[in-house]
Every structure is written in structure tokens, then in C-alpha cells.
Amino acid sequence: MASHGHFHWNELLTDDVERAKKFYAETIGWTFLPLPMENGDIYWVARLGDTPAAGFFPTNRPGYEDVPELMRPIFDVKGVGRIAILTEPGGAGIGWITPVQ
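How each quantity is defined
- Residues numbered from 1 in each chain as written.
- Predicted model: local features only at pLDDT ≥ 70, side-chain atom pairs only at ≥ 80, totals over all residues.
- Heavy atoms only, no water.
- Pairing = 2+ DSSP bridges.
- Helix = DSSP H or I, 4+ residues; strand = E, 2+ residues; numbered from the N terminus.
- Axes fitted to C-alpha atoms, helices over the stretch in contact; angles between N-to-C directions.
- Contact = heavy atoms within 4.5 Å.
- Buried < 20%, exposed > 50% of the residue type's maximum accessible area, 1.4 Å probe, protein only.
- Lys, Arg positive; Asp, Glu negative; His and termini not counted.
- Salt bridge = Lys/Arg side-chain N within 4 Å of Asp/Glu carboxyl O.
- Phe/Tyr/Trp six-rings, centres within 6.5 Å; stacked < 30°, edge-to-face > 60°.
- Lys NZ or Arg CZ within 6 Å of the ring centre and 35° of its normal.

(A) Region of the structure containing the sheet that holds strand 1 (residues 10-14). An order of 1-4-3-2 is seen for the four strands of this open sheet, with the pairing classed as mixed. In this open sheet, the two strands that pair with only one neighbour each are strand 1 and strand 2 (31-36). Averaged over all neighbouring strand pairs, the angle between strand axes comes to 25 degrees, with direction disregarded. Here strand 2 runs beside strand 3 (residues 42-48); their pairing, made up of six bridges, is antiparallel. Directly across from Phe32, in strand 3, lies its bridge partner Ala46. Helix 1 (residues 17-28) rests against strand 1, strand 2, strand 3 and strand 4 (51-58) of the sheet, and its axis sits at about 155 degrees to strand 4.

(B) Main features of the side chain of Arg72. By the secondary structure assignment, Arg72 is in the loop between strand 4 and strand 5 (75-77). Despite its burial, Arg72 pairs with no opposite charge, the nearest such side chain being Asp41 at 4.8 Å. If sequence neighbours within four positions are ignored, Arg72 has contacts with Met37, Asn39, Phe57, Tyr64 and Ile85.

(C) Spatial organisation of the packing of aromatic side chains. Throughout the structure, instances matching the rule amount to six aromatic pairs. Summarising the aromatic geometry, the rings of Tyr24 and Phe56 are spaced 5.5 Å apart at their centres and angled 70 degrees between planes, so their arrangement reads as edge-to-face. Of this pair, Tyr24 sits in helix 1 while Phe56 sits in strand 4, and the two are 32 residues apart along the sequence. Looking at Phe56, the relative accessible area reads 0%, which means it is buried. A network of ring pairs unites the aromatic residues Phe23, Tyr24, Trp30, Phe32 and Phe56 as a single cluster. Its end group placed over the ring of Trp44, Lys21 keeps NZ or CZ at 3.4 Å from the ring centre. Directly above the aromatic system of Phe75 lies the positively charged group of Arg72, at a separation of 3.9 Å from the ring centroid.

Shape descriptors only; they carry no functional weight alone.
Here it is in C-alpha cells:
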């Protein structure tokens, strides 16, 4: 069982990835590893030490102007899994992942 406050995985969708990276680096010590995606975007993997903790995805790109329930096509992250990014009923962006087996 994970300890209190442990992130299993967190997806952050933001239009200001650099600001978010700075905030999380300064407040909880995360570092970031860029993962280039097939469409040219960068998916940022947040790490605490050597342990992946979260993913940051930029939404300041074409195609996110009128975000529907499914915010983007479902996609694969090599070595991580298949990810769906959606809008939950309260309006927050969330990510669901099917991990690589």
C-alpha cells in the first residue's frame, strides 16, 4: 500500500506547462523528462527521484479551442500505456490510463 500523499499517477493538462513545471519543481521537488510525441507535442513525465509520478500535457495547441468530453484522440505512450484525456462533468481535465502489461 502506498503511503499517504503518494501519487500513483497524475495527469495535468495545462496551457502553461513551463509554469506548472516550475511550481511542482519548487514545491514538491519534481524533475521532468520530455517525451516527444508523434504529432510533435512534448509530453512531460514528472519524476520524484527516479520514480515517475505524473504526466503534463500542453493544451495550448490547435484542436483544444472547444474542448469536447474526449479532449483528444486516445493515444499510446511507449513503455507507459494507452491514455484517454477527457473532461469530467465538473469541467476538469482528467487522464485515464491502461498501463502496459
